[in-house]
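Remarks on the overall topology
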Amino acid sequence: MQTVSENRCFGGVQGVYSHSSDACSCDMTFGLFLPDAAREGEVPVLWYLSGLTCTHENAMTKAGAQAWAAEEGIALVFPDTSPRGNGVANDEAYDLGQGAGFYVNATQTPWAPHFRMWDYVADELPALLGKEFAVDLDRQSITGHSMGGHGALTLAMSLPERYRSVSAFAPIANPTASDWGRKQLAAYLGEDESTWAAHDSTLLMAEKGFDGPVLIDQGSDDQFLDLLKPEALSQAMAAKRQEGTFRMQKGYDHSYFFVSTFMEDHVAFHANALYS
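As the structure is a computational prediction, the values presented were derived from the model and not from experiment. Residue numbers run consecutively from 1 along every chain, following the written order of its sequence. It should be noted that, the model being predicted, local features are given only for residues of pLDDT at least 70 and side-chain atom pairs only at 80 or more, the latter also being counted only at that level, while totals for whole chains, interfaces and linings use all residues. Note that water and hydrogens are dropped before the side-chain values are worked out from all heavy atoms of the structure.

1. Quick look at the overall build of the protein chain
Secondary structure elements follow DSSP: runs of H or I of four or more residues count as helices, runs of E of two or more count as strands, with numbering from the N terminus. Counting its regular elements, the protein chain contains nine helices and nine strands. Atoms considered for the radius of gyration are the C-alpha atoms alone. The globule rule reads 2.2 Å times the number of residues to the power 0.38. For the protein chain, the C-alpha radius of gyration of 17 Å lies close to 19 Å, the compact-globule estimate for 276 residues. Expressed along its principal axes, the backbone C-alpha trace of the protein chain runs to roughly 50 × 45 × 35 Å. Each residue's exposure class comes from its accessible area (1.4 Å probe, protein chains only) as a fraction of the maximum for that residue type: buried when under 20%, exposed when over 50%, partly exposed otherwise. Considering the protein chain as a whole, with its 276 residues, one finds that 58% of them fall into the buried category. We call two residues in contact when some of their heavy atoms are within 4.5 Å. When contacts within the protein chain are restricted to residue pairs at least 6 apart in sequence, long-range pairs at least 24 apart make up 73% of them. For the protein chain, the exposed surface amounts to about 11000 Å²; the carbon and sulfur share of it is 46%. Distance between charge centroids for the protein chain: 3 Å, based on 17 positive and 36 negative side chains. Here the open area of atoms and residues is found with the Shrake-Rupley method and a 1.4 Å probe, where only the protein chains shown may cover a residue. In this count, Lys and Arg are taken as positive residues and Asp and Glu as negative ones, while His and the chain termini are left out. Note that the charge is assigned to NZ on lysines, CZ on arginines, CG on aspartates and CD on glutamates.

The structure is reproduced here in structure tokens:
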């Protein structure tokens, strides 16, 4: 692992690090905010998964999460959204390939050799963090925005007891029924739609639910509402009697202005679960 940068931030340190990834067969970069409390011992972890076209940097610089995480004594992890590099497959479209990993393990050509973001986020990066930093992997929660909200929800429901809480900002909620999903799942996983269900939070909610609290925020003026399909997830949560809150925020769009507005609420929500 190499240190790309470290900056003092709200009494803690905002770092950026790179390492050779076995899961993705390339070099990967991630951001990690450690609050001042990490100097005294291990701190709980909140994962933030970003959306289409993003890198590790977008939420790290735009979401405003560090102030609230410092106050709560929580580490923040900002993984990249896909493998990258000259030898990594890509596509001309913004919503496929580099920057659009969709948090799945690809099985199809040309994506399979590198696009294994599920294994990277679920297994490889947590192991690296636990080895190198003062983080408590027995206390983890996860959140994300758009494609990252999709990733957060599917990981949380598929890995019971891994995360104490899950939240999402404008998640891609029903990808098997949306052009933000069907295209990518077919490309990465193949045409057999039975393999897609494990990566659809609405279907997972109906089947499994989540063994902890859920918080979803969605802007009413989101320009991508037809692609996100939030009503499907809301209905599945209600039918499952899921512990959680789904909030439609009047007038907000899909931008980081929306995310940063409600970030304090989400960090506090996770802190309550991580310290309970």
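Past the structure itself, the notes keep going.
2. Details of the pattern of salt bridges
Whenever Lys or Arg places a side-chain nitrogen within 4 Å of a carboxyl oxygen from Asp or Glu, that contact is recorded as a salt bridge. For the structure shown, the criterion picks out eight salt bridges. The salt bridge partner of Asp136 is Arg139, with a shortest N-O separation of 2.8 Å. The burial state of Asp136 is the same as that of Arg139; both residues are buried. With a closest N to O distance of 2.7 Å, Arg247 and Asp217 form a salt bridge. You can see Arg247 sitting in strand 9 (residues 244-249) and its partner Asp217 sitting in strand 8 (residues 214-219), a full 30 residues away along the chain. Look at Arg247 and you get partly exposed, because its relative accessible area is 24%.

3. Observations regarding helix 5 (residues 179-189)
In an α-helix, one turn spans 3.6 residues, which is why side chains three or four residues apart end up on the same side. Within helix 5, eight of the 11 residues are buried, leaving the element largely enclosed by the surrounding structure. Restricting attention to buried positions, one finds in helix 5 the residues Trp180, Gly181, Gln184, Leu185, Ala186, Ala187, Tyr188 and Leu189. Think of a polar contact as two N or O atoms within 3.5 Å of one another; within protein, one of them needs to be a possible hydrogen donor and the other a possible acceptor, and neighboring residues in sequence only count if both atoms come from side chains. Taking the backbone nitrogen of Trp180 as reference, a side-chain oxygen 3.0 Å away marks Ser178 as the first, capping residue of helix 5. Two residues or fewer after helix 5 comes Gly190, characterised by a positive phi angle close to 100°.

4. What to know about the side chain of Asp95
By secondary structure assignment, the location of Asp95 is in the loop between strand 5 (75-79) and helix 3 (117-132). Engagement of the side chain of Asp95 in a polar contact is seen with the side chain of Lys183, the distance being 2.7 Å. Setting aside residues no more than four positions away along its own chain, Asp95 makes contact with Leu52, Ala100, Trp180, Lys183 and Gln184.

5. Observations concerning the packing of helix 3 against helix 4 (residues 147-158)
Axis lines are fitted through C-alpha atoms, for helices just across the contact stretch, and the angle between N-to-C directions can take any value from 0 to 180 degrees. Their axes nearest at 12 Å, the elements helix 3 and helix 4 cross at an angle of 60°. In terms of axis orientation, helix 3 runs oblique to helix 4. The hand of the helix 3/helix 4 crossing is right-handed. Contacts between helix 3 and helix 4 pair Trp118, Val121 and Ala122 from the former with Thr154, Leu155 and Ser158 from the latter. The residue inventory of the contact of helix 3 with helix 4, partitioned by class, reads four nonpolar, two polar and no charged. For classification purposes, an angle smaller than 35 degrees is called roughly parallel, one larger than 145 roughly antiparallel, one from 65 to 115 roughly perpendicular, and anything else oblique. Put simply, a crossing is left-handed when the front helix is turned counterclockwise from the back one by less than a right angle, and right-handed when it is turned clockwise. Any residue that is not Ala, Val, Leu, Ile, Met, Phe, Trp, Tyr, Cys, Pro, Asp, Glu, Lys or Arg is counted as polar, Gly included; the first ten are nonpolar and the last four charged.

6. Considering the packing of aromatic side chains
Pairing of aromatic side chains requires ring centres within 6.5 Å, counting the rings of Phe and Tyr and the six-membered ring of Trp. Pairs whose planes differ by under 30 degrees are stacked, by over 60 edge-to-face, and all others tilted. Inspection of the entire model under this criterion finds 11 aromatic pairs. Here Trp111 and Tyr188 contribute two aromatic rings whose centre-to-centre distance is 5.5 Å and whose plane-to-plane angle is 90°, an arrangement assigned as edge-to-face. Residue Trp111 is located in the loop between strand 5 and helix 3, and its partner Tyr188 is located in helix 5; the two are separated by 77 residues in the primary sequence. Given the relative accessible area of 0%, Tyr188 is considered buried. Centre to centre, the rings of Trp180 and Phe224 are 4.8 Å apart; their planes meet at 35°, and the pair counts as tilted. Here Trp180, found in helix 5, pairs with Phe224, found in the loop between strand 8 and helix 7 (225-228); they are 44 residues apart in sequence, far enough to count as distant.

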